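Structural overview for review
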Amino acid sequence: MDAQEVTVSPWDGLAVCVAGLGVSGRAAARVLAARGARVTAVDARDGDEQRAQAAELEDRGVAVRLGDGETLPEGTGLVVTSPGWKPDAPLLAAAAAAGVEIIGEVELAWRLRPEGAAPWLAITGTDGKTTVVRMLACMLTAAGHKALAVGNVGTPIVEAVAEPYDVLAVELSSYQLHWSSSLAPLAATVLNIAPDHLDWHGSMDAYVGAKAKIFAPGTVAVYNADDDTSTALAERAEGVERRAGFTLRVPRPGELGVVEELLVDRAFTADPAAEAAELAALADVRPFAPHNVANALAAAGLARAFGVPPEAVREGLRSFVPDPHRIQHVADVGGVAYVNDSKATQPHAAAASLAAYESIVWIAGGLLKGLDVDDLVRTCAGRLRGVVLMGRDRHRIAEALVRHAADVPVVDVADTDTGAMDRVVTEAAGLARPGDTVLLAPVGASFDMFANYPARGEAFIAAVERLAAAGDPQAS
């Protein structure tokens, strides 16, 4: 080949600052260095873990600076930021002031896609993203496609785009979308919108605006017809290929929905006005709950937009294994069901969980992050047999219960030691009667008492197992 015909990589020699040594940051640094970029990775932390990570990156030609996450490296031409860094972080503010472009790992991955790369089916929303992306991957695999769930789960997307997949199921957070500008998925969905991460985005409008980026020109917009904001975002989206709704009602032409005991498609058939395709039965959705039926319909909408046949939708739902700590049935003890939904860390998620059961002893509390719980308590009051409160902000839930469910028995557990969950579960068991559900749907973050929401869920599971081993609490 003539030397003049050699294509020079646009990344070759570019000075890139990768902000943050998390999973996505390290992956971005490795990929960019392999493309010839001059990469400096920075992190404010300087512990043993970060030093080990730095050594691995330095072996790949990445310069690493620990203990200073605020200073923009001199000569930087591009910043690739980790999702957790707020836009007003000093390093990012300095880059913006200097006119240096700031992108995230997801935007980087989109720009790094080779010719003929796998199309993206993208998912965002306040709740349900991980469930939907995993359901979707199961449907795609059932249809015979080489597919992978990526983005906010599993393999870093900058690494996945270089592999020969047929299609990628991509979970995207509002943080990742904020730092994206050119994404154009083949199909995308906004599952639902409720206040969350407002401390990061600064306002509800900014949060919604980040989510709206997923409905890009040329994309099939799969929206939640039962969610006003998701519907409005799809309607306002300019240049989308088409719009398809999903609903828990009987679907109209252009929608996927529920007819008696079936999930049906009236959006992606040859004649949506006159024809419906049976996709699955409600019994195929596990765990069964109204919001999880909506998750299944959203995944089905994206799969159908990619051409997946109805039988693969059903097979995918049947093969799907739910992640733990999401409306996870733990045990039945004395005729009472114990359910772990530790992932319900804000009101919208807790409301969906509470709506799935008729008579509930609710375990709630944690860090409410400034979110209001009045509407949640008012809506679910008629389902409550009793409430057991724990965690730092439990008093705010207690106050809402006084206003909207004054007759419901409430037990306040102030303990925060390692045995606190056992006391919480014991108190809940004392309030429950056969046929009830003891539901851990905390409505708050876990960091006041636990390392994270999985640790909180595991503590609940262990406490329920000890309760079961001790025998029926109602029999004594």
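Within each chain, residues carry numbers counting from 1 in the order of the written sequence. Given that the model is predicted, a residue must reach a pLDDT of at least 70 before its local features are reported, and side-chain atom pairs must reach 80 or more before they are shown or counted; all residues, however, enter totals for whole chains, interfaces and linings. Side-chain figures throughout are based on the complete set of non-hydrogen atoms in the structure, without hydrogens or water.

An unreviewed UniProt entry lists the chain under the name UDP-N-acetylmuramoylalanine--D-glutamate ligase, from Actinomadura nitritigenes. Under the Catalytic activity (unreviewed entry) heading, UniProt states for the chain: "UDP-N-acetyl-alpha-D-muramoyl-L-alanine + D-glutamate + ATP = UDP-N-acetyl-alpha-D-muramoyl-L-alanyl-D-glutamate + ADP + phosphate + H(+)". UniProt positions are given in the numbering used here, feature names are shortened, and annotations may be inferred rather than shown by experiment. Quoted verbatim from the Function (unreviewed entry) field of the UniProt record, the comment on the chain reads "Cell wall formation. Catalyzes the addition of glutamate to the nucleotide precursor UDP-N-acetylmuramoyl-L-alanine (UMA)."

Let's talk about the packing of aromatic side chains
Aromatic contacts are taken between Phe, Tyr and Trp rings whose centres are within 6.5 Å, Trp giving its six-membered ring; a plane angle under 30 degrees counts as stacked, one over 60 as edge-to-face, and the others as tilted. One pass over the structure, following the stated rule, counts one aromatic pair. Judged by centre distance (4.8 Å) and plane angle (80°), the ring pair of Trp110 and Trp120 falls under edge-to-face. A residue pair is termed long-range when its members are at least 10 positions apart, and Trp110 in helix H4 (residues 105–112) and Trp120 in strand S6 (residues 120–124) qualify at 10 residues. For the pair Trp110 and Trp120, one class covers both residues: buried. Criterion for a charge above a ring: Arg CZ or Lys NZ at most 6 Å from the ring centre, at most 35 degrees from the ring normal. In this structure, Lys146 is placed above the aromatic ring of Tyr165, and the distance from its NZ or CZ to the ring centre is 5.1 Å. Here Lys343 stacks its cationic end above the ring of Tyr453, 5.5 Å away from the centre of that ring. Put simply, DSSP marks the helices as runs of H or I at least four residues long and the strands as runs of E at least two long, and each gets a number from the N terminus on. Type-normalised accessible area, obtained with a 1.4 Å probe on protein chains alone, sets the label of each residue: buried when under 20%, exposed when over 50%, and partly exposed for intermediate values.

Examining helix H16 (residues 420–431)
A rise of 1.5 Å per residue sets the reference length of H16, with its 12 residues, at 16 Å; its end C-alpha atoms lie 17 Å apart and thus fit the reference within 8%. Of the positions making up H16, those classed as buried are Ala420, Met421, Val424, Val425, Ala428, Ala429 and Leu431. Packing partners of the buried residues in H16 comprise strand S16 (336–340), strand S17 (360–364), strand S18 (384–389), strand S19 (410–412), strand S20 (437–440) and helix H17 (453–470). By definition here, a helix of n residues has an expected span of 1.5 Å times n minus one. Whether two residues are in contact is decided by their heavy atoms, any of which lying within 4.5 Å being enough.

Details of helix H11 (residues 290–305)
The first and last C-alpha atoms of H11 sit 23 Å apart over 16 residues, in line with the 22 Å expected at 1.5 Å per residue. Most of H11 is tucked away: 13 of the 16 residues are buried. Following H11 by one or two positions, Gly307 has its phi on the positive side, about 95°.

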